Amino acid sequence: MRNHNLLYRPLRGGIRIANPAVAQPGTLGFTATGDGRDRWIVSCHHVLCGAGGREPVYQPIDEPEALVAMTDPVRARAELDCAAALVVEGVGAAAEILGIGLPAKP
């Protein structure tokens, strides 16, 4: 059994993340890229977005100095309960999901 609360670098789907403006931590759904150079984490709106605007996301959640991403209000939809946060420079992100591996290609 994997501990989803541990420090994971690179980031990957299935690990625990937190935005301090949100009452509870949640799960990083998956990582994505827009142009091949940028890295995004994708999760639920209720996990990533608190008061609105650009907000910090931490991993592991019990280390507030472990900033890994910043939410982007343009890439957040409360009505769909989805949001994305841009991974900060120096933090890697992998396409795999913890305990599952790489998604299958279509």
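Reference entry: report on the structure contained in this document.

## Comments concerning the pattern of salt bridges
Here is step 1 of the chain: Summed over the entire model, instances satisfying the criterion amount to three salt bridges.
Here is step 2 of the chain: For arginine 12, the salt bridge identified is with glutamate 96, shortest N-O distance 3.6 Å. A residue pair is termed long-range when its members are at least 10 positions apart, and arginine 12 in strand β1 (residues 11-13) and glutamate 96 in strand β9 (residues 93-97) qualify at 84 residues.
Here is step 3 of the chain: Using a relative accessible area of 13% as the deciding quantity, one classes arginine 12 as buried.
Here is step 4 of the chain: By relative accessible area, glutamate 96 is classed as partly exposed at 29%.
Here is step 5 of the chain: Between arginine 37 and aspartate 35 there is a salt bridge; the shortest N-O distance is 3.3 Å.
Here is step 6 of the chain: The class for arginine 37 is exposed, based on a relative accessible area of 71%.

## So, the sheet that holds strand β7 (residues 67-77)
Here is step 1 of the chain: Spatially, β4-β5-β8-β7-β6 is the arrangement adopted by the five strands of the open sheet, whose pairing is antiparallel. Two strands lie at the open edges of the sheet, namely β4 (30-32) and β6 (56-58), each paired on one side alone. With strand direction ignored, the average angle separating the axes of adjacent strands in the sheet is 40°.
Here is step 2 of the chain: The pairing of β6 with β7 spans three bridges and is antiparallel. Paired with valine 57 across the two strands is alanine 69, which belongs to β7.

Cut-off values and rules
- Residues numbered from 1 in each chain as written.
- Predicted model: local features only at pLDDT ≥ 70, side-chain atom pairs only at ≥ 80, totals over all residues.
- Heavy atoms only, no water.
- Salt bridge = Lys/Arg side-chain N within 4 Å of Asp/Glu carboxyl O.
- Helix = DSSP H or I, 4+ residues; strand = E, 2+ residues; numbered from the N terminus.
- Buried < 20%, exposed > 50% of the residue type's maximum accessible area, 1.4 Å probe, protein only.
- Pairing = 2+ DSSP bridges.
- Axes fitted to C-alpha atoms, helices over the stretch in contact; angles between N-to-C directions.

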